[in-house]
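What follows is each chain in one-letter form.
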Amino acid sequence: WRTREQAIDVKAGLQKVVVFGGGSFGTAMGACLARDNPWLQVTLLLRDPYLCKDINHSHVNTRYLKDWKLPSNVTATTSAAEAITGAQYAIHAVPVQHSRAFLTGIKDLIPPNLPLISVSKGLEVSSGQCMSELIPSALGRRNQPCAFLSGPSFASEVMAGRPTGIVCASKDSVLGTKVQQLFASPAMRVNGSSDVIGVEICGALKNVLAIAAGIVEGLNLGHNAMAALVAQGCAEIRWLAEKMGAKSATIS
């Protein structure tokens, strides 16, 4: 971690961040940045013109976060060129299964030096790729600066300003530090990691385990079954992640 004075310097020249997608978590992370940095322009790139209108006129994401007012410096557009022009960071919040088509469609508008911060969790079904593999594949270039955010974090609690801890993983340590400082606030702790695969696999597979845990609870199978499921599930996640090159400490 750097000093607070250095963290402020990172934000000093910050003017615009674009968010790809208007789902709950992407909106929440954009709103978080806008709330903590009132001078910052946060632009959501959406497909739905009606949702754009709601966000621009009533400052509410009426589809996903209707109970929360967005900061006035959050706006929305359906124009990729308008959204990306002048952006210094891009938060990628498009669902994984739609990310390839989305990125392929706008790749000519994305500058090669624009850092992409992915909050999309999961594996592409058709290829089995993580977002760290999918992004360079879709853009047709391997050197796009990327960071990957994950953690146990619910959009509504981020919107409410409740304490939240997330992990920023990047193979580029300088970018990773910048993203840490970008999102760090009194309500958000951002831990750093160089283990991109470990963070992505855990972020994806924990959701499978969570669904299974919900089934155990719904069938009222008891605490023994729940404990066995969680223990075995975590062991299987560790086994797969390590085979893919992840670090054991990341899974812990």
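Before reading further, recall that the structure is shown in the block above.
Please read all numbers here as calculations on a predicted model, not as lab measurements.

Peer 1: I keep staring at helix α5 (residues 96–106) and nothing clicks. Help me out?
Peer 2: The periodicity of an α-helix, 3.6 residues per turn, causes residues three or four places apart in sequence to face the same way. For α5, the set of buried residues is Val-96, Ser-99, Leu-103 and Ile-106. Looking down the long axis of α5, one finds its buried residues gathered within 75° of arc, a one-sided arrangement. Seen from the open side of α5, the exposed residues pointing more than 90 degrees away from its buried face are His-98, Ala-101 and Gly-105. On its buried side, α5 packs onto β1 (16–20), α4 (80–84), β4 (89–92) and α6 (131–139).

Peer 1: Just checking my understanding: could you explain the sheet that holds β4 for this structure?
Peer 2: By definition, the strands of a sheet pair up through backbone hydrogen bonds, in either a parallel or an antiparallel sense. One open sheet accounts for eight strands, arranged β3-β2-β1-β4-β5-β6-β7-β8; its pairing is mixed. With partners counted over all chains shown, the strands left at the sheet margins are β3 (74–77) and β8 (188–193), one partner each. Between one strand axis and the next, the sheet turns through 25° on average, direction left out of account. By the bridge criterion, five bridges tie β1 to strand β2 (residues 41–45) in an arrangement that is parallel. In the sheet register, Val-19 faces β2, and the bridge partner there is Leu-44.

Peer 1: Please explain the environment of Gly-122 as it appears in this structure.
Peer 2: Structurally, the position occupied by Gly-122 is in the loop between β5 (116–118) and α6. Sequence separation between Gly-122 and Thr-43 is 79 residues, and the spatial gap between their C-alpha atoms is 24 Å. If near-sequence neighbours (up to four positions away) are discounted, Gly-122 is found in contact with Val-96, Gln-129, Cys-130 and Ala-204.

Peer 1: Would you explain the nonpolar core in this entry?
Peer 2: As a rule of thumb, soluble globular proteins bury nonpolar side chains together. Of all hydrophobic cores here, the largest spans 39 residues; its most connected members are Met-29, Leu-44, Leu-149, Val-179, Phe-183 and Met-188. Broken down by element, the residue count for this core peaks at seven residues, all from helix α2 (residues 24–36). Excluding its chain neighbours within four sequence positions, the residues that come into contact with Met-29 are Leu-149, Val-158, Ile-166, Phe-183 and Met-188. If you look at the next biggest cluster of nonpolar residues, it comprises 25 residues, including Leu-45, Val-96, Ile-106 and Ile-110.

Peer 1: Help me out: how do you make sense of the state of the cysteines in this one?
Peer 2: One way to say it: the disulfide is the covalent bond shared by the sulfur atoms of two cysteines. According to the stated counting rule, one finds zero disulfides in the structure shown. Left without a disulfide partner, Cys-168 is nearest to the cysteine sulfur of Cys-146, which lies 11 Å away. A relative accessible area of 2% means that Cys-168 is categorised as buried.

Peer 1: Just to check I follow, could you spell out the pairing of β2 for this structure?
Peer 2: For a regular strand, side-chain orientation follows a simple rule: the groups alternate between the two sheet faces. Burial of β2 is extensive: four of the five residues sit out of reach of the surface. Judged from the four bridges that link them, β2 and β3 form a sheet pairing that is parallel. In the sheet register, Leu-44 faces β3, and the bridge partner there is Ala-76.

The rules we used
Residues numbered from 1 in each chain as written. Predicted model: local features only at pLDDT ≥ 70, side-chain atom pairs only at ≥ 80, totals over all residues. Heavy atoms only, no water. Buried < 20%, exposed > 50% of the residue type's maximum accessible area, 1.4 Å probe, protein only. Helix = DSSP H or I, 4+ residues; strand = E, 2+ residues; numbered from the N terminus. Arc of directions from axis to C-beta. Contact = heavy atoms within 4.5 Å. Pairing = 2+ DSSP bridges. Axes fitted to C-alpha atoms, helices over the stretch in contact; angles between N-to-C directions. Core = buried A, V, L, I, M, F, W, Y, C linked by side-chain atoms within 4.5 Å. Disulfide = S-S within 2.5 Å.

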